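Fold and geometry: a report
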Amino acid sequence: MSQQHVIGLTGGIATGKSTVAAFLQETYGWPVLDADVCAREAVMPGSPVLEAIASRYGSEILQEDGTLDRSRLADVIFKDVAERKWLEGQIHPFVRQRFVEGIDRHDETVVLVVPLLFEAKMTDLVTEIWVVACSPEEQLRRLRQRNGYSEEEARSRIEAQLPLDRKCQQADLVLDNSGDRRVWQRQIDRWVRERPNGSP
């Protein structure tokens, strides 16, 4: 029986993690567990986490249908580090539990897409760390284009994360997503073929 591989797929905001994750699922058939999906589940109406958020910030943090007003919450947490840390303290334990359950359901390779893999201290859940990287200029451009942010809004979100170069220093594999996707696809193919600890 081959060793279970748990890949922690991370990187900076807008570096292309979702694109890489979709490729891994389609090409290798590996199950993908996404922290952002789990985080949205954590704040569903009626959840303890959403109740805690509403208690802290008031009912104006909710939309008319009772769901979380994400843009209003973002205005709070990206202007106040202490509030962002409080929110992460509510959500990260829920995400971790979902990951543990998901890993237990599979015998071999599982991909965890975790933007805050280092910040949330979830590296203990994975056997290898892959970082999706691109140039700072490209990251800023993609984020502004994707979300319609001003330069200030985009920079505040990038700076809320651990610097990308520090993530790369701790990676087992750094995927270059600055340009042609075939570059990182070849990197992955080579890594999987040469992986020493059992088959994928």
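Refer to the preceding data block for the structure.
What counts and how
Residues numbered from 1 in each chain as written. Predicted model: local features only at pLDDT ≥ 70, side-chain atom pairs only at ≥ 80, totals over all residues. Heavy atoms only, no water. Core = buried A, V, L, I, M, F, W, Y, C linked by side-chain atoms within 4.5 Å. Buried < 20%, exposed > 50% of the residue type's maximum accessible area, 1.4 Å probe, protein only. Helix = DSSP H or I, 4+ residues; strand = E, 2+ residues; numbered from the N terminus. Contact = heavy atoms within 4.5 Å. Pairing = 2+ DSSP bridges. Axes fitted to C-alpha atoms, helices over the stretch in contact; angles between N-to-C directions.

With that settled, the discussion passes to the nonpolar core. Core analysis: the largest hydrophobic core is formed by 37 residues, its most contacted members being Ile-53, Leu-73, Ile-91, Val-95, Phe-99, Leu-112 and Met-122. Broken down by secondary-structure element, the contributors of at least two residues to this core are α2 (35-42), α3 (48-57), α4 (70-77), α5 (81-104), β3 (110-113) and β4 (128-133). In terms of residue count, the dominant contributor to this core is α5 (six residues). Here Leu-73 is in contact with Ile-53, Tyr-57, Ile-61, Leu-68 and Leu-87, once residues within four sequence places are set aside. Core analysis: the next-biggest nonpolar cluster, separate from the first, contains 16 residues, Ile-7, Leu-9, Phe-23 and Leu-173 among them.

With that settled, the discussion passes to the pairing of strand β1 (residues 6-11). The buried fraction of β1 is high, at six of six residues. Residues of β1 alternate between two faces, with Val-6, Gly-8 and Thr-10 on one and Ile-7, Leu-9 and Gly-11 on the opposite face, all of them buried. With four bridges connecting them, β1 and β3 associate as parallel partners. Residue pairing across strands places Ile-7 opposite Val-111, the latter belonging to β3.

The topology assignment puts Leu-73 in helix α4. Residue Leu-73 is classed as buried on the basis of its relative accessible area, which comes to 6%. A sequence separation of eleven residues divides Leu-73 from Arg-84, and the C-alpha atoms of the two residues are 9.5 Å apart.

Let us now look at the sheet that holds β4. Spatially, five strands are ordered β2-β3-β1-β4-β5 in an open sheet, and the strand pairing comes out parallel. The open sheet is flanked by β2 (32-34) and β5 (173-176), the only strands paired with a single partner. In this sheet, neighbouring strand axes are inclined to one another by 25 degrees on average, regardless of whether the strands run parallel or antiparallel. Sitting on the sheet, helix α1 (residues 17-28) touches β1, β2, β3, β4 and β5, and the angle it makes with β1 is about 155 degrees. Strand contacts of α5: β1, β2 and β3, with the helix running at about 175 degrees to β2, the strand carrying the most contacts.

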